[in-house]
Amino acid sequence: MALTPDDVVTKQFQHVRFKDGFDPDEVDDFLDEIVIEWRKALEENAELKAKLAAYESGDAPAAPAAAAEAPAAAVEETPAAAAPAEPAPSGSATATAGIIELAQRLHDEHVAEGEAKRAQLIAEAEGEVNRIRTEAEAKQREESARLERERNALEARITELRNFERDYRSQLRGYIEGQLRDLDEKSASTDSTPVSAIGL
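Residues numbered from 1 in each chain as written. Predicted model: local features only at pLDDT ≥ 70, side-chain atom pairs only at ≥ 80, totals over all residues. Heavy atoms only, no water.

## Description of the overall build of the protein
When its secondary structure is counted, the protein shows 5 helices and 0 strands. The order of helices and strands in the protein, counted from the N terminus, is α-α-α-α-α. The burial tally for the protein puts 9% of its 200 residues in the buried class. Surface summary for the protein: the accessible area is close to 16,400 Å², and the carbon and sulfur share equals 57%. (Helix = DSSP H or I, 4+ residues; strand = E, 2+ residues; numbered from the N terminus. Buried < 20%, exposed > 50% of the residue type's maximum accessible area, 1.4 Å probe, protein only. Areas by Shrake-Rupley, 256 points an atom, 1.4 Å probe, with all protein chains shown as cover.)

Listed below in structure tokens is the structure:
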């Protein structure tokens, strides 16, 4: 069964009678278990680091023998009979840390990809807005020019109609005044004719 940090914390040794302290054989056996589990954890840790480095570089995974050399050297430097001050992480904890690191890297890549996509979408939207604005301004200028031409044409037509009205009124006034003059002349000539000439 794999040794866990809780096993180290909760391990209880039997008291020896007639002496202070614990049974040395039991303590030595427990420390041997710690060393064995620790060596396994270091080997697994080195193997996972090698796999992660190979994965990050895109190469094939390194040979397990090369990965096992580093932990062996590290274990040789560690005293076999001394208990660690802090409990070493178990193999599953090391694997979990590697998975968390990989997940964090993938998360960062996805965030960067999302930000790049967001920037691209914003740039495309701004380009579309500028295109629509340019088209709208051009259409507005064209419509304004068309309305200005229509206004000028209407003003010219209004001026033409006013001139026609003025001329028509002038001609009508001249015609009516001419008719009135003719009536006046006829009336005056009728008044000056003697009654005998009329045949009465």
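## Observations concerning the pattern of salt bridges
Following the criterion strictly, the structure yields 11 salt bridges and no others. One salt bridge connects Glu47 with Lys51, and the closest N-O pair in it is separated by 4.0 Å. Remark: Lys51 and Glu47 occur in helix α2 (residues 24–57); sequence separation between them is 4 residues, near one turn of the helix. Here Glu47 falls in the partly exposed class, since its relative accessible area comes to 32%. Residue Arg131 pairs with Glu128 through a salt bridge whose shortest N-O separation is 2.3 Å. In this pair, Arg131 and Glu128 are both assigned in helix α4 (residues 91–192), 3 residues apart and thus about one turn of the helix distant. Take Glu128: its relative accessible area is 36%, and that puts it in the partly exposed class. Each of the salt bridges in this network shares a partner with another, and the network as a whole consists of Glu128, Arg131 and Glu135. (Salt bridge = Lys/Arg side-chain N within 4 Å of Asp/Glu carboxyl O.)

## What about a negative patch on the surface?
Among the surface-exposed residues, Asp25, Asp28, Asp29, Asp32 and Glu33 lie close enough to one another that they form a single negatively charged patch. Along the chain, Asp29 turns up in helix α2. Asp29 sits in the partly exposed class, given a relative accessible area of 48%. (Patch = residues over 30% accessible without salt bridge, like charges linked within 9 Å, V, L, I, M, F, W, Y side chains within 5 Å. Lys, Arg positive; Asp, Glu negative; His and termini not counted. Charge placed at Lys NZ, Arg CZ, Asp CG, Glu CD.)

## Here we look at a nonpolar patch on the surface
Together, Phe164, Tyr168, Leu172, Tyr175, Ile176, Leu180 and Leu183 make up a nonpolar patch on the protein surface, roughly 750 Å² of accessible area in all. With respect to the helices and strands, Leu183 occurs in helix α4. Exposure remark for Leu183: the relative accessible area of 52% places this residue in the exposed category.

## Some thoughts on the environment of Asp7
By the element assignment, Asp7 lies in helix α1 (residues 5–10). Each C-alpha atom of the pair Asp7 and Ile34 lies 9.8 Å from the other, and the pair is 27 residues apart in sequence. Once residues lying within four places of it in the same chain are set aside, the contact partners of Asp7 are Ala2 and Phe30. (Contact = heavy atoms within 4.5 Å.)

## Thoughts on α2
Residues that lie three or four places apart on an α-helix share one face, since the helix turns once every 3.6 residues. A rise of 1.5 Å per residue sets the reference length of α2, with its 34 residues, at 50 Å; its end C-alpha atoms lie 49 Å apart and thus fit the reference within 8%. In the stretch just after α2, Gly58 is the one whose phi turns positive, near 85°. (Expected span 1.5 Å × (residues − 1).)

## Observations regarding the confidence of the model for the protein
A low pLDDT score tells you not to read the predicted coordinates there in detail. Per-residue confidence for the protein gives a mean pLDDT of 77; residues scoring 70 or more make up 73%. When pLDDT is averaged over each element of the protein, α4 comes out on top at 88 and helix α3 (residues 64–77) at the bottom at 45. For residues 61–88, every residue scores under 50 in pLDDT, and the model assigns this stretch 21 contacts once sequence neighbours within four places are set aside. (pLDDT = per-residue confidence, 0-100.)

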